[in-house]
Amino acid sequence: MLNDKVYLWLVITSCIALAVAGTLVVIELIELQDQNAATITNLFAS
Amino acid sequence: MSLALRIFIVLTLVMTLAFMFIQMTLFATRENWKRRWDQETKSLSVELKTSTQTLASESAGRVRAENQVASLQTDRTNDQGKIKELEGQITERAAKIQNLDRDLAKGQTDYNALKEDYQTQSKSLDMVRQRNGELTNIASVARAVAFNLNVKLAEVEDDLNNLQTEHTRSLETLEKTSEERKQSDAFVAQVRDKFPKVYEALAGEKGTTAMLQAVVAAVRPGSTGQQEFVMLSIGKEEGVQEGQEFIIYRDNKYICKVRIEKIMNDMAPARVIPSSWNTNGLTIQQGDQAANRL
């Protein structure tokens, strides 16, 4: 079977993938918030 | 390291990889709602402007169409009035056409009458032309006759000129004879002064041989057909005597001698002396001169 270092690299890879996925989620949330604000202002403006 | 931890680590890796794949797919395929909103609002505003413009143009067109409809209605009413007027004119024209038909029938009858008159006039014209041709022929003949008469007139004028010249010559001879008479009268006056007895004797002879002149009033032929009896315009008052001879002449041309057979008051019949006829063939005519001496 695999030794412990391989499992360590698997944990590090999992952390990196989690970080990337979390970053993408944060970016999406921020943009969605901006869109909602712009839409509401445009609605009041019209 | 226990087996459970190892399984947990692998599961965690798989789940994190799946989560990352899902998030990356969503990030790649997500919709930009803001940009879509802006584009759609812009397109809708443009469509709204174009629709308002088309609405304005259509409303203007509608107003124009309504105006046109109103004008067409007025035109229609006017046309209806005109149609009524034209119908009235049509009835009037129909009445006129009937009158014209009547006039045409009358004109046709007049034309037939005039045609008959024309035919008769043409026949008379042909007759007149024929008569005209005859008259032109007669005129040509008359021109020829007039030409001959002109020629004769020229000859007569020539004769007249010759007679005028002879008349002037006779006047000249008459003047000469008058001068000679004056000279003889002067001579007689001298004889009367110097020899009165001789003058008285000559004057007695002269009274017996006085000159008598007459004119031939009529001429009658004798039993032989030749001219034999002549009536002279002289009588007892002029002192003519029976048996006296007269000379018949015309224009100083001798014709013949006649002898008085009977004396009336103003006429004297005479007989032609047959041996005294002239040699030129002249015969006695009414109006010839007669004298007892030349």
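Notes on the structure follow. (Residues numbered from 1 in each chain as written. Chains lettered and ligands numbered in written order. Predicted model: local features only at pLDDT ≥ 70, side-chain atom pairs only at ≥ 80, totals over all residues.)

1. Brief notes about the interface of chain A and chain B
Argument step 1. Of the residues lining the interface, 18 residues belong to chain A; the matching set on chain B comes to 17 residues.
Argument step 2. Its residues placed into classes, the side of chain A that touches chain B shows 10 nonpolar, 5 polar and 3 charged. (Contact = placed C-beta atoms within 7 Å. Nonpolar A, V, L, I, M, F, W, Y, C, P; charged D, E, K, R; others polar.)

2. Details of the sheet that holds strand E1 (residues 213-221) of chain B
Residues and elements named next belong to chain B.
Argument step 1. The 6 strands are arranged E1-E2-E5-E4-E3-E6 in a closed barrel whose pairing can be described as antiparallel. Put simply, the sheet's adjacent strands are angled 40 degrees from each other on average, direction ignored.
Argument step 2. Summarising the sheet, E1 and strand E2 (residues 227-232) pair through 5 bridges and their orientation is antiparallel. Within E2, the residue paired with Val216 across the bridge is Leu232. (Pairing = 2+ DSSP bridges. Helix = DSSP H or I, 4+ residues; strand = E, 2+ residues; numbered from the N terminus. Axes fitted to C-alpha atoms, helices over the stretch in contact; angles between N-to-C directions.)

3. Some remarks on the nonpolar core
Residue and element names in this part refer to chain B.
Argument step 1. In this structure, Val230, Leu232, Phe246, Ile248, Val258 and Ala270 are the most contacted members of the largest nonpolar core, which totals 16 residues.
Argument step 2. The element best represented in this core is strand E4 (residues 253-260), accounting for 4 residues.
Argument step 3. The residues contacting Ile248, other than those within four sequence positions of it, are Val216, Ile255, Cys256, Val258, Ile284, Asp288 and Ala290. (Core = buried A, V, L, I, M, F, W, Y, C linked by C-beta atoms within 7 Å. Buried ≥ 20, exposed ≤ 12 C-beta atoms within 10 Å, placed from the backbone.)

4. Some points on helix H1 (residues 3-29) of chain B
Argument step 1. Over its 27 residues, H1 of chain B extends 39 Å from the first C-alpha to the last, a length consistent with the 39 Å expected when each residue adds 1.5 Å.
Argument step 2. Listed as buried for H1 of chain B are Leu13, Thr16 and Met20 of chain B. (Expected span 1.5 Å × (residues − 1).)

5. Things to note about the pairing of E1 of chain B
For a regular strand, side chains alternate in direction, first toward one face of the sheet and then toward the other.
Residues and elements named next belong to chain B.
Argument step 1. Relative to strand E6 (residues 289-291), E1 runs antiparallel, the two being bridged by 3 bridges. Of the residues in E6, the one forming a bridge with Ala214 is Ala290.
Argument step 2. The antiparallel hairpin formed by E1 and E2 contains 5 residues in its connecting segment, where Gly225 sits at a positive phi of about 90 degrees.

6. Let's talk about the pairing of E4 of chain B
Residue and element names in this part refer to chain B.
Argument step 1. Note: strand E3 (residues 245-250) against E4, 6 bridges, orientation antiparallel. Residue pairing in the sheet places Glu245 in a bridge with Arg259 of E4.
Argument step 2. Linking two consecutive strands that pair antiparallel, namely E3 and E4, is a turn of 2 residues; a positive phi of about 55 degrees is found at Asp251 within it.
Argument step 3. When E4 meets strand E5 (residues 268-272), the two strands line up antiparallel, connected through 3 bridges. Note that in E5 the partner of Ile260 across the bridge is Ala270.

Fair warning: the whole summary comes from geometry, so function is off the table for now.
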